[in-house]
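Tertiary structure, described
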Protein chains: 2
Amino acid sequence: MTTMQRIDAYWRAANYLSVGQIYLLDNPLLTEPLRPEHIKPRLLGHWGTTPGLNFCFAHLNRIIAERHQEMIYIAGPGHGGPAAVAHAWLEGSYSEKYPEISQDADGMRRLFRQFSFPGGIPSHVAPETPGSIHEGGELGYSLAHAYGAAFDNPDLVVACVVGDGEAETGPLAASWHSNKLLDPERDGVVLPILHLNGYKIANPTVLARIPEDELVKLMEGYGYRPHIVGPSHEEMAGTLDTVFDQIASYKDGRSARLPMIILRTPKGWTGPREVDGLPVEGTWRAHQVPLSGVRDDPEHLAMLEEWLRSYRPEELFDAAGRPVPALLETVPEGPLRMSASPYANGGELLAPLTLPDFRDYAVEVKSPASQSTEPTRVLGAFLRDVIAANPRTFRLMGPDETASNRLQAVFDTTARAWNAGIEPTDEHLAAGGRVMEVLSEHLCQGWLEGYLLTGRHGLFNCYEAFIHIIDAMFNQHAKWLETAKKIPWRRPVASLNYLLSSHVWRQDHNGFSHQDPGFLDVVVNKKAEVVRVYLPPDANTLLSVGDHCLRSRDYVNVIVAGKQPVLDLFTMDEAIAHCTRGLGILPWASTDEGAEPDVVLACAGDVPTLETLAAAAILREHLPQLKVRVVNVVDLMRLQPPSEHPHGMSDAEFDTLFTVDKPVIFNFHGYPWLIHRLTYRRRGHANLHVRGYKEEGTTTTPFDMCMLNDIDRYHLVMDVIDRVPGLGTTAAHLRQQMADARLQARAYTREHGEDPAAIRNWSWG
Amino acid sequence: MTTMQRIDAYWRAANYLSVGQIYLLDNPLLTEPLRPEHIKPRLLGHWGTTPGLNFCFAHLNRIIAERHQEMIYIAGPGHGGPAAVAHAWLEGSYSEKYPEISQDADGMRRLFRQFSFPGGIPSHVAPETPGSIHEGGELGYSLAHAYGAAFDNPDLVVACVVGDGEAETGPLAASWHSNKLLDPERDGVVLPILHLNGYKIANPTVLARIPEDELVKLMEGYGYRPHIVGPSHEEMAGTLDTVFDQIASYKDGRSARLPMIILRTPKGWTGPREVDGLPVEGTWRAHQVPLSGVRDDPEHLAMLEEWLRSYRPEELFDAAGRPVPALLETVPEGPLRMSASPYANGGELLAPLTLPDFRDYAVEVKSPASQSTEPTRVLGAFLRDVIAANPRTFRLMGPDETASNRLQAVFDTTARAWNAGIEPTDEHLAAGGRVMEVLSEHLCQGWLEGYLLTGRHGLFNCYEAFIHIIDAMFNQHAKWLETAKKIPWRRPVASLNYLLSSHVWRQDHNGFSHQDPGFLDVVVNKKAEVVRVYLPPDANTLLSVGDHCLRSRDYVNVIVAGKQPVLDLFTMDEAIAHCTRGLGILPWASTDEGAEPDVVLACAGDVPTLETLAAAAILREHLPQLKVRVVNVVDLMRLQPPSEHPHGMSDAEFDTLFTVDKPVIFNFHGYPWLIHRLTYRRRGHANLHVRGYKEEGTTTTPFDMCMLNDIDRYHLVMDVIDRVPGLGTTAAHLRQQMADARLQARAYTREHGEDPAAIRNWSWG
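Residues numbered from 1 in each chain as written. Chains lettered and ligands numbered in written order. Predicted model: local features only at pLDDT ≥ 70, side-chain atom pairs only at ≥ 80, totals over all residues. Heavy atoms only, no water.

**Details of the packing of helix H1 (residues 3-23) of chain A against helix H11 (residues 298-309) of chain A**
Residue and element names in this part refer to chain A. Between H1 and H11, the least distance of the axes is 9 Å, while the angle of their chain directions is 155°. It follows from the interaxial angle that H1 and H11 lie roughly antiparallel. Along its contact with H1, which presents Tyr16, Val19, Gly20 and Tyr23, the element H11 presents Leu304, Trp307 and Leu308. For the contact of H1 with H11, the class distribution of residues is six nonpolar, one polar and no charged. (Axes fitted to C-alpha atoms, helices over the stretch in contact; angles between N-to-C directions. Helix = DSSP H or I, 4+ residues; strand = E, 2+ residues; numbered from the N terminus. Parallel < 35°, antiparallel > 145°, perpendicular 65-115°, else oblique. Contact = heavy atoms within 4.5 Å. Nonpolar A, V, L, I, M, F, W, Y, C, P; charged D, E, K, R; others polar.)

**Here we look at helix H6 (residues 142-150) of chain B**
Residue and element names in this part refer to chain B. Taken across its nine residues, H6 has nine buried, putting it largely inside the fold. Considered for burial, the residues of H6 that qualify are Ser142, Leu143, Ala144, His145, Ala146, Tyr147, Gly148, Ala149 and Ala150. Of the surrounding secondary structure, the elements contacted by the buried residues of H6 are strand S1 (70-75), strand S2 (156-163), helix H7 (170-175), strand S3 (189-196), strand S4 (224-229) and helix H15 (441-453). One or two steps after H6, the chain reaches Asp152, where phi turns positive at roughly 65°. (Buried < 20%, exposed > 50% of the residue type's maximum accessible area, 1.4 Å probe, protein only.)

**Here's the deal with the side chain of Glu449(B)**
All names here are of chain B. Its location among the elements puts Glu449 in helix H15. A polar contact is formed between the side chain of Glu449 and the side chain of His145, at a distance of 2.5 Å. If we skip the residues at most four places from it in the chain, Glu449 touches His145, Met473, His477 and Leu496. (Polar contact = N/O pair within 3.5 Å; in protein donor to acceptor, adjacent residues only side chain to side chain.)

**Quick notes on the packing of aromatic side chains**
Evaluation of the coordinates by the stated rule reveals 58 aromatic pairs over all chains. Taken together through their ring pairs, the aromatic side chains of Trp176(A), Tyr222(A), Tyr224(A), Trp176(B), Tyr222(B) and Tyr224(B) make up a single cluster. A cation sits over an aromatic face here: Arg359(B) above Phe358(B), 5.6 Å from the ring centre. In this structure, Arg532(B) packs its charged tip against the face of Tyr555(B), placed 4.0 Å from the ring centre. (Phe/Tyr/Trp six-rings, centres within 6.5 Å; stacked < 30°, edge-to-face > 60°. Lys NZ or Arg CZ within 6 Å of the ring centre and 35° of its normal.)

**Here's the deal with the domain arrangement of chain A**
Residues and elements named next belong to chain A. Looking at chain A, the domain boundaries give domain 1 (3-341), domain 2 (359-566) and domain 3 (583-760). Between the C-alpha centres of domain 1 and domain 2 the distance comes to 34 Å. With 35 residues of domain 1 at the interface, the matching set in domain 2 holds 30 residues. Taking both sides of the interface into account, the surface hidden between domain 1 and domain 2 amounts to around 2700 Å²; carbon and sulfur atoms contribute 63%. At the boundary of domain 1 with domain 2, the tally comes to three salt bridges. (Domains from an automatic or database assignment. Buried area = accessible area lost by both parts, 1.4 Å probe. Salt bridge = Lys/Arg side-chain N within 4 Å of Asp/Glu carboxyl O.)

**Here we look at the sheet that holds strand S18 (residues 583-585) of chain A**
Residues and elements named next belong to chain A. The five strands are arranged S18-S20-S19-S21-S22 in an open sheet whose pairing can be described as mixed. Here the strands that pair on one side only, and so sit at the sheet edges, are S18 and strand S22 (688-691). Shown here is a sheet whose adjacent strand axes are inclined to one another by a mean of 20°, direction ignored. Summarising the sheet, S18 and strand S20 (residues 628-633) pair through three bridges and their orientation is antiparallel. Following the sheet pairing, Gly584 is matched in S20 by Asn632. Strands in contact with helix H20 (residues 606-622) are strand S19 (599-604), S20 and strand S21 (664-668); relative to S19, the strand with the most contacts, it is inclined by about 155°. (Pairing = 2+ DSSP bridges.)

**What about the sheet that holds S1(B)?**
Residue and element names in this part refer to chain B. Strand order in the open sheet formed by five strands is S1-S2-S3-S5-S4, and the pairing between neighbours is parallel. In this open sheet, the two strands that pair with only one neighbour each are S1 and S4. Pairs of neighbouring strands in the sheet enclose a mean axial angle of 20°, with direction left out of account. In terms of strand pairing, S3 meets strand S5 (residues 258-264) through four bridges, oriented parallel. The partner of Leu194 across the bridge, within S5, is Ile262. Here helix H2 (residues 50-67) sits on the sheet in contact with S1, S2, S3 and S5, set at roughly 175° to S1. Helix-sheet contacts for helix H9 (residues 212-221) involve S3, S4 and S5, and the interaxial angle to S4 is about 145°.

**Brief notes about unusual backbone geometry**
Excluding glycine, residues mostly carry a negative phi; peptide bonds, for their part, are mostly trans. Despite not being glycine, Asp554(A) shows a phi value in the positive range, around 65°. Owing to a relative accessible area of 13%, Asp554(A) belongs among the buried residues under this scheme. Positive phi is not limited to glycine here, since Asn27(B) has a value of about 60°. Asn27(B) sits in the buried class, given a relative accessible area of 3%.

**Notes on the interface of chain B and chain A**
Buried accessible area, meaning the area lost when the parts come together, often serves as the stated size of an interface. The partner chain A presents 122 residues to the 122 residues of chain B that form the contact. Both sides together, the interface formed by chain B and chain A hides about 9900 Å², and carbon and sulfur atoms give 54% of it. We note a salt bridge from Lys526(A) to Asp516(B), for which the minimum N-O separation is 2.8 Å. Here chain B and chain A share 68 residue pairs in polar contact (both at pLDDT 80 or more) between them. Counting only elements with at least two residues in the side of chain B that touches chain A, the list comes to H7, helix H8 (206-209), H9, helix H16 (471-484), helix H17 (519-523), helix H22 (673-679) and helix H25 (728-752) of chain B. If one sorts the elements of the side of chain B that touches chain A by residue count, H16(B) sits on top with seven residues. For the side of chain B that touches chain A, a count of residues per class yields 41 nonpolar, 43 polar and 38 charged.

**Observations concerning the environment of Leu139(B)**
Following the sequence through the fold, Leu139(B) ends up in the loop between helix H5 (105-114) and H6. For the pair Leu139(B) and Gly78(B), spaced 61 residues apart in sequence, the C-alpha separation works out to 8.4 Å. The contacts of Leu139(B), once residues within four sequence positions are left out, are Leu439(A), Gly76(B), His79(B), Glu166(B) and Thr169(B).

**Considerations on the confidence of the model for chain A**
For chain A, the mean per-residue pLDDT works out to 96, and 100% of the residues sit at or above 70. Here the prediction assigns the complex a pTM of 0.98, and the interface score ipTM is 0.97. (pLDDT = per-residue confidence, 0-100.)

**Looking at the nonpolar core**
Formed by 376 residues in total, the largest nonpolar core has its most connected members in Leu636(A), Phe658(A), Leu636(B) and Phe658(B). If sequence neighbours within four positions are ignored, Leu636(B) has contacts with Val533(B), Leu535(B), Ala604(B), Phe668(B), Leu674(B), Ile675(B) and Leu678(B). (Core = buried A, V, L, I, M, F, W, Y, C linked by side-chain atoms within 4.5 Å.)

**Looking at the pairing of strand S4 (residues 224-229) of chain A**
Residues and elements named next belong to chain A. Sheet analysis places S4 next to strand S5 (residues 258-264), joined by six bridges and oriented parallel. Bridge pairing links Tyr224 to Leu258 in S5. Read as a crossover between parallel neighbours, the route from S4 over helix H10 (residues 233-251) to S5 is right-handed. (Right-handed = clockwise from strand over helix to strand, strands pointing away.)

In structure tokens:
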């Protein structure tokens, strides 16, 4: 058998196994004529993209074997799940991971049956699929994942099949430019294979229908050397030889541009040409299941059998159902198999970060709330040393906001990754920089996901409002983690850490469009096992939370922390204790003296905490007999019952802290309903009154923003007076004073364009 | 004065007015030396992009005047709000909209003062800005908005300045390909002006730093004829003449490609060259406020005065502060002014849709829940005739899912818009098609926003899970509507209508990645005045809701409706009554006979409603003495108090319907917490038990999906038995039967790969 014949045999085998997965319950080797009872009752799957994916697998395996090239495979059209599963089974890794799916006839039968079957495996490439780091569901992220995997893996080639449907999405269209942040020396290589099968679900694709010279220019414009390949083994093999020579040239500095492949094949290639008089192969009709109603339609049943036999399974599998030796010869060895690559089960490669002691970065706090610090600036110093101590396994992502978010200390030790033009006035740009900045939250997220899933660490800093841009990507990553945690062979990976700064309360420059704290609402919809939300109110608590998150595994951690100066509340030791508890009383701000309070002022988030403290100070001065308890919440998940979240507090703890019958005024960073949602089962819930962002905003002063949304100190005092019974005339008088103070502050702001000095300079001390 | 001199004067005037807005409280004409008290205490704004935006305004005005070309201007770098405001003031339209900002010295003072000032206007281009349909906040959507505005406006040119920062975003990168859906005959033209000022916030931009031949190829690859322009009036003017000749060629069919402009200028052009020894003009340091601390730093104050005087204001404004006649000569007339274009205040052009009578499409329902229909298929017939009756003012958007969502009846009357290659096997593709399909939710959303804001109508159909992709765009559009509603001169526009189909409960083909009903949680965070959520449970209610939404104005309407067959519950008249109420009792499914029930089974969403009905049937049969009330909710906002939402029910109504002390088992389409969030203030809330999607899923059968999340009929019966006291041993026995039935169904599914026939074929009758 020639090499091309072996590749073709492998391809036929993979196609056979793919069709079998979509259709067959039994009779996997076609040892008897196909009968209706061999067919699944519900035919679910996506054939259209599958033969093309198999084609790439078959050809890349030759390269791996010949060049001993470490490679992983990202299937952008991951709907073609059968392809990745077939490949893993042929390589033997499927049976290694799932021994009951043995590499024989019985295993093949189980392999077929389980696909898209209740109790079985999903129809897409998924965490269950060996060799995958990329779910085939929502489209658009394959190329960003591929680059994320390639960063800091200098010996790796990430073959990334981009579907021509997916290529129409925004995130994918932006991802091509990732090559401007790739370092030939320290990073691996991404080989994009743009697979033009011409159609998406029901439509032709744009890139398949523009003139070829435009397509070539587009890819050259993105900075690649495109190679066009038709549906031919010889063309694909010849091109891959050229392409991997070009990759070698790139790696040793002889060439600045990386190649990419444009592969044109018919959609549903090798499937039925025509069904019921309508063309199928090469059209959108091949997208899912080309032959329907196979159980009830003898003609379709016969066509299916003919289709399956067209791959000549008798040449591909022995009588026991094992792949014949010629097939197995094409399979690379051990971890070089793409389906067994440790890069695609990143936890296998994961090493803990070398972390400096975060306590060394602490702000000294002599008395609480008497001095101010910019929390993210302090965290920046810690991150600087994290980067320095982990020069190949940690990256900081941000959509051009790292300095804006005041993490600029990191530039003392590293640069922004940049491999395009540099001019004399530029600062902090270099190939190999650890800070990844491009004005695309999608790319930051996609790169980080790829980087984490291949066993590294990172943090994504982002303006709070614009993290919504990647809501859908967060959802998909959280779902990946939820599923992966249940798969024994998937090893834990580093958590995906968000630092949301430049938050809703301090958008002085930008106004309403930049004011949206709703990402937290999206996050808490995902399973409690994978999501964590922290709102450290000062610099030392941010350090403690940051360190904790960088050590964690398999979570999505969301940290909300401002970049503007806020009062320092905790010494480092106190901060650690507070963050470990997740919430607690601020005794110095409280007047309950350990007794049952008259009212609880709770707060979460830096600005709401500041206003809560100021309200507590007013109450202490003007209503000294009122027993006020101030509670600050850092770990939002603590508010839930333990049945809902592993961090959840028992009802007894909750009741002790918040009381069961006293008014609780909760001043919250985000939309107020989230607090109700987390606490509605608590006994005292009816007494809980939440203030938060209620979608009022514009470009105005910080305190005016608080007043617009009634989270300001004056309004909190009014809330207390309105809710604590029997406070008498002093309180009524104070209430009027507060209302007046609001009007005065508003008027001052409108006249002077800034907050009154008493507000700007307020501190507890 | 030559034409170039007039353009330059206009540009200088706009730049002067822009700097004035950022810095000045007073002394607008510099009639006296600049003093600290003339300076704003907080300097907020974005200078960097502003002079480039002003440059484009100045030059496009000449084209408009010379060619009488209808044109609007979309400022992708909308952070440069001062530019659009300056332009509108110079054109006189600002004073027309805001008479207190008169076109004289006093008006100029107010213009300066109000910018980014408490009680004033936002720092970005915003709804408050005359001539704008595009908020300058979150970046990435300018070009999609531009195309949306151009569709079906054959005489319009939309000049769209794309910032080189924005150009890095995914949505923008994908938007270039919108030209493949543009019809030269029926649509207008988009003129993209890619403004390379070289930097984003703190970084160089990718497109400014790739070789120019790559950039040109990229734009050619996107299908444009690029023209490169440097910072020169002559170059810009000459190029615009060429470009508008090319546009004319395109419009009359002599040329297939549209031009675009690549404009290279320094960032912060004409601003301070160097500040404190560091280069500013032409670097990222010019991004926001180039000179800081002006009040306290006499040197900076002097530099500011020098900078302002460099525009020679004495040549531009007369002693009264009015623009000199030479400036006003360059301004186009009346509605040709871009700042006064009715296209940019689309409500002025809005005509109601000609709607067929939706009752004509009704499914005949002889008895409730005895036959099944695919709701979206029925809606498709209605939409077909909406399209036919409104051939130039209605478009249907969808990311390649219109047929998948079973709206394919529309293809009986129209095609998909397509202006790229067409092959013989293709169907329903044509220039001018009313269905806009590309595999990008971002483009569907962006086009639709642009189309609506210029006075037309539309509907976006989307898989439910993937609508999260445009969460951030929804947020921004909702904020636009929230603000626009408060601006008297902004006329109401058609609502943005979503049809979310292929929803969480019926993802048989696709599994976990396609299961996410959380968009509703994002939607309800926005202001009650602009958001509406509907969950019609059958075809006739979908028709009624659909008609209602197409008639509405200034809302975002979210309709969740399945494409799979569901039982028909309502005759058309009943459906109208039910949808008008928004929720109501299903008397035929209830056994309370108008008396106080023992338990309320509430439901929202088609699949949860089906399971609720099946549970009610089981209870009726096995526990006939139990008084069950079945309540279906169509209009989710009805559940809130009237203080929270205009659709909100009074407590009295709520209590009458749901009782105050009986258990309510609420079976919900989405994440269960949303119902708690909407109802936590109700008296009976403690008795409310919500079932919904709890993030369990995979590719499995429809009923197995219900069981995985405990929304199935058997579990609902168990919930009732667990919560209604004193039901005795019959109920205990029934509970066990239900638990067994779940196990049996699960086992059957795992053996046979489909749901038991009794489940598949269940109906009430």
